[in-house]
There are 2 protein chains.
Amino acid sequence: MINYFSSDFKLGILGGGQLGKMLLYETRKFDIHTIVMDPSEEAPCKISANTFIKGDLMDYDTVLDFGRKVDLVTFEIESVNVQALKQLEKEGIKVFPSSSTLEKISDKVIQKQFYLDNKISTAPFSAFNSRSELLKAFSEDQLSLPFVWKSATGGYDGRGVMIVKSQEDLEQIPQGKCLAEKLIPFKNELAVIVARNPSGQVISYPVVEMEFHPVANQVEYVICPARIEESTSVKARQLAEKVSDAFEHVGLLAVEMFLTQDDELVVNEVAPRPHNSGHYSIEASYTNQFEQHIRAILDLPLGDTESKVAGIMVNLSGEESYNGPPVYKNMEQILKMPGVTPHIYGKKETRPFRKMGHVTIVNKDILKARSIAEEVKNTLKVISEN
Amino acid sequence: MINYFSSDFKLGILGGGQLGKMLLYETRKFDIHTIVMDPSEEAPCKISANTFIKGDLMDYDTVLDFGRKVDLVTFEIESVNVQALKQLEKEGIKVFPSSSTLEKISDKVIQKQFYLDNKISTAPFSAFNSRSELLKAFSEDQLSLPFVWKSATGGYDGRGVMIVKSQEDLEQIPQGKCLAEKLIPFKNELAVIVARNPSGQVISYPVVEMEFHPVANQVEYVICPARIEESTSVKARQLAEKVSDAFEHVGLLAVEMFLTQDDELVVNEVAPRPHNSGHYSIEASYTNQFEQHIRAILDLPLGDTESKVAGIMVNLSGEESYNGPPVYKNMEQILKMPGVTPHIYGKKETRPFRKMGHVTIVNKDILKARSIAEEVKNTLKVISEN
């Protein structure tokens, strides 16, 4: 067995944002040597990595050179040069998740087709190479309102997704390869995080429930455990594990699903990395998602995914009309509330809706957690004094 | 209120060992800018501090210069230059805990006298300026066997303390200022960690129980909650809070006590910083001791100290007869066990009995935690392959 701890082993992480930062909590805990690359010199990962390299994650040569410096490559963002990852794999450097998994996921059209090919329940859709192709299909009645427009690549934080209900909405559709998905009336948006290691050990986290901000299309509350039937929970976890096995995924896979009005589960999309819907796990779970991702990619035994206590996460997003160095208004008030832990990502500038941190509220009683979470949400604000 | 988060505020930490490293988990979580100083270039804190400075913590000018670079100074080790701290306080730089608290604690003779002056129950003792003074007192029947010899300054990790039972033991006593304490037959060794902020808010952690290695005088298991009567627990926490108030302590204070055969609580000694007996809190408590220390010194509201689940900590000490780069033998086996989290401090060399890390075992059932902890202890070993 390879000695990962306090040794010459080097783990490379592509991407130095908050997900990488939270992975580094775990590599510091285990004394695993890390090299992190990010295009920004102010990346949150700059501190806590053994070595930080500024570089373009989408550049073939940059990613190739980076990978050759380490023993194992992982990533905290999907926008990395896949061809470079393929080449690294050919050269015998481990890449987890694999380039092949990443390819299937990072283009949403390919991802959706993969679900169909693997008999994984997902909303019906049509794929288009361009905006004009989509508009032509609409004008020929092959596509009708309402529908969900999704960009094939590049969507994150609610971008690249739009509900198209009217002619005005149609005119807003950006250029580029995309898909139009049937709008499913759902009861709940759920997520299940699955961990899988190269030895094939698979384990899922309890189902979480996501409540969304109606306008910004960003998550307001992530609630664990989800307030659903036990039987639905079992099915959701099995579905997520099936998805992970189908992708032969190594590391963490966050599987986002809808629970329809008819109690059917439908896969929305996946992310092959630690995910916003799993941040609650730092305070609530026996093994947090970041430690779990490290265990999985190093082919170590996976840890217990159950919860010690109920957990609710609130995203901390920049308030509208504020740009500049962040000020966390009313932090002292929320620190008085029991079971409340803020996480500040260390971004140097706030912008409207920019993810600046999150706050997790844990409690033995989920109803108490929910009411404290609402108080936190209404109290703590990220503004700027510029 | 001062903006500590993502701002120009600078926190200085004297000492860069594992306690500092675990404080840095929390400063990274809150995006608090840190400058850490340690005499070793290989200090565990070198990564994760915004700035690391190599320097002698006992040197007046070095500590003074360091303190002038920051807004607030704290320390994770008692061996720092107290006069420099006093001068920094005069210059308006906050020092928590204060130089005055540190002075009362770092000399064990002064510490014991402080307990007497404040009517805090502690074992009877005599103080001696030198080894020869002690031997003279013994020869004049003013001191009888057995007794506990303690060095007035410089003791840590079980050093500077010796049970003197025989003539041979007497001959082993080192030079220097010391005290001889009555050997109290005790049922239990307990510890209570107290947090106190400048506003005077005080909160104690649940009582922990410590089981010691008979030879090395180091802790084997730290068990929370302690297996004692509820009434004893209440008294122990009150006693610890009284001690904290008496010292007017700011930050964390670990109060080590004996529970005598007659169910009396007797204070053994204190440490004005996060403490080995509080490491379990990272996985078990609503607010871990490191986050709590940060809250306390910044005069933020203190967090809930109660436990989510039972927690047992096992120290990970270098095995006898091994020196060199560490190898954590059987790590994979212990990672299979539920609720087990190893912490590797990142020291570059192992030595017999050197604290190389710890492992915390959490479980809803304390008996299960205890049996898993024993398995961990018997399985995971720190050796070297040199």
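Position numbers for residues count from 1 along each chain, tracking the sequence in the order it is written. Written order determines the labels here, with chains lettered from A and ligands numbered from 1. It should be noted that, the model being predicted, local features are given only for residues of pLDDT at least 70 and side-chain atom pairs only at 80 or more, the latter also being counted only at that level, while totals for whole chains, interfaces and linings use all residues. Computation of side-chain values covers all heavy atoms of the structure but excludes hydrogens and water.

This is how the line gets drawn: UniProt positions are given in the numbering used here, feature names are shortened, and annotations may be inferred rather than shown by experiment.
In the annotation of an unreviewed UniProt entry, chain A is listed under the name N5-carboxyaminoimidazole ribonucleotide synthase and assigned to Gillisia mitskevichiae. The UniProt entry for chain A carries the following text under Catalytic activity (unreviewed entry): "5-amino-1-(5-phospho-beta-D-ribosyl)imidazole + hydrogencarbonate + ATP = 5-carboxyamino-1-(5-phospho-D-ribosyl)imidazole + ADP + phosphate + 2 H(+)".

### Some words on the pairing of strand 1 (residues 10-14) of chain B
All names here are of chain B. Counted only if it meets this: Here the term buried applies to any residue with accessible area under 20% of the maximum for its type, exposed to any over 50%, and partly exposed to those in between, with areas from a 1.4 Å probe on protein chains only. Here a helix means four or more residues in a row that DSSP labels H or I, a strand means two or more in a row labelled E, and each is numbered from the N terminus. Strands are treated as partners if at least two bridges between them are detected by DSSP. The crossover handedness rule: strands pointing away from the viewer, path from first strand over the helix to second strand clockwise, crossover right-handed.
By the criterion of burial, strand 1 is predominantly enclosed, with 4 of the 5 residues buried. Sheet topology places strand 1 next to strand 2 (residues 33-38); 5 bridges connect them, and they run parallel. The residue of strand 2 that forms the bridge with Lys10 is His33. For the segment spanning strand 1, helix 1 (residues 18-29) and strand 2, crossover handedness is right-handed. Two strands pair when backbone bridges link them, and strand 1 and strand 4 (residues 72-75) are joined in this way by 4 bridges, in the parallel orientation. Looking across to strand 4, one finds that Ile13 is bridged to Thr74.

### Section: the sheet that holds strand 2 (residues 33-38) of chain A
Residues and elements named next belong to chain A. Going by this rule: By the convention used here, residues are in contact when the closest approach between their heavy atoms is within 4.5 Å. Think of each axis as a best-fit line through the C-alpha atoms, taken over the contacting stretch in the case of a helix, with angles from 0 to 180 degrees between the N-to-C directions.
What the 5 strands build is an open sheet, ordered 3-2-1-4-5; its pairing is parallel. The open sheet is flanked by strand 3 (51-54) and strand 5 (94-95), the only strands paired with a single partner. Across the sheet, helix 2 (residues 60-67) touches strand 1 (10-14), strand 2, strand 3 and strand 4 (72-75), and the angle it forms with strand 2 is around 175°.

### Observations concerning the relation of the copies chain A and chain B
Copy one and copy two of the chain differ by a rotation about an axis and a translation along that axis. For clarity, the threshold we go by: Least squares is used to superpose the copies, and the fit set is the C-alpha atoms of residues whose pLDDT is at least 70 in both copies.
Mapping chain A onto chain B leaves a residual RMSD of 0.0 Å; the transformation is a rotation of 180° accompanied by 0.0 Å of translation along its axis. Considering both components of the superposition, the chain copies are consistent with a two-fold axis. Relative to the rotation axis, the C-alpha of Ser48 of chain A is the closest in chain A, positioned 2.1 Å from it. When the interface residues of chain A are mapped onto chain B, 100% of them are again interface residues, pointing to one common binding face.

### Observations concerning the packing of aromatic side chains
Residues and elements named next belong to chain B. The line we're drawing: Each pair of aromatic rings taken from Phe, Tyr and Trp, with Trp reduced to its six-membered ring, is defined by centres within 6.5 Å and is described as stacked if the planes are under 30 degrees apart, edge-to-face if over 60, and tilted in the remaining cases.
Using the criterion set out here, one finds 12 aromatic pairs over all chains in the structure. Summarising the aromatic geometry, the rings of Tyr4 and Phe5 are spaced 6.4 Å apart at their centres and angled 85° between planes, so their arrangement reads as edge-to-face. Here Tyr4 and Phe5 have matching classes, each one buried. On the numbers, 4.3 Å between centres and 15° between planes, the contact of Phe114 with Phe247 is stacked.

### Quick word on the sheet that holds strand 2 of chain B
Residues and elements named next belong to chain B. Reading across the sheet, the 5 strands line up as 3-2-1-4-5 and stay open at both edges, with parallel pairing between neighbours. Of all strands in the sheet, those bounded by a partner on one side alone are strand 3 (51-54) and strand 5 (94-95). Relative to strand 5, strand 4 is paired through 2 bridges, and the arrangement is parallel. Among the inter-strand pairings, Leu72 is bridged to a residue of strand 5, identified as Lys94. Of the strands in this sheet, strand 1, strand 2, strand 3 and strand 4 are in contact with helix 2 (residues 60-67), which crosses strand 2 at around 175°.

### Examining the interface of chain A and chain B
For clarity, the threshold we go by: Buried area is calculated as the accessible area (1.4 Å probe) missing from two parts once they are joined, with the contributions of both summed. Put simply, a salt bridge is a Lys or Arg side-chain nitrogen that is within 4 Å of an Asp or Glu carboxyl oxygen. Between N or O atoms, a polar contact is any pair within 3.5 Å; within protein, one atom must be a potential hydrogen donor and the other a potential acceptor, and residues adjacent in sequence are included only when both atoms are from side chains.
Taken together, the contact pairs 43 residues of chain A with 43 residues of chain B. Summed over both partners, the interface of chain A with chain B buries about 3800 Å², with 57% contributed by carbon and sulfur atoms. Viewed at the interface, chain B and chain A are joined by 0 salt bridges. Joining chain A to chain B, the criterion identifies 19 residue pairs in polar contact (both at pLDDT 80 or more). Elements with a minimum of two residues in the side of chain A that touches chain B: helix 1 (18-29), helix 10 (289-297), strand 17 (326-329), helix 11 (331-334), strand 18 (340-344) and strand 19 (355-363) of chain A. Sorting elements by how many residues they give to the side of chain A that touches chain B places strand 18 of chain A first, with 5 residues.

### Structural notes on the packing of helix 3 (residues 82-90) of chain A against helix 4 (residues 99-106) of chain A
Geometry of a packed helix pair, given as the angle between the helix axes and the separation of the axes. Residue and element names in this part refer to chain A. Basically, it comes down to this: An angle below 35 degrees is treated as roughly parallel, one above 145 as roughly antiparallel, one from 65 to 115 as roughly perpendicular, and anything else as oblique. In this scheme the handedness of a crossing depends on how the near helix is turned from the far one: anticlockwise by less than a right angle means left-handed, clockwise means right-handed. Put simply, Ala, Val, Leu, Ile, Met, Phe, Trp, Tyr, Cys and Pro go in the nonpolar bin, Asp, Glu, Lys and Arg in the charged bin, and everything else, Gly too, in the polar bin.
The contact between helix 3 and helix 4 brings their axes to 9 Å, and the two run at 160°. The pairing of helix 3 with helix 4 is recorded here as roughly antiparallel in orientation. As for the relative orientation of helix 3 and helix 4, their crossing is left-handed in sense. Residue-level inspection shows Val82, Gln83, Leu85, Lys86 and Glu89 of helix 3 in contact with helix 4, the latter providing Ser99, Leu102 and Glu103. Of the residues assigned to the contact of helix 3 with helix 4, the class counts are 3 nonpolar, 2 polar and 3 charged.

### Quick word on the side chain of Glu269 of chain B
All names here are of chain B. Tracing the sequence through the fold places Glu269 in strand 15 (residues 265-271). For Glu269, a relative accessible area of 18% puts it in the buried group. At a separation of 3.2 Å, a polar atom in the side chain of Glu269 contacts the side chain of Lys108. Setting aside anything within four residues of it in sequence, one finds Glu269 in contact with Lys108, Gln111, Tyr115, Lys150, Ala254, Val255 and Glu256.

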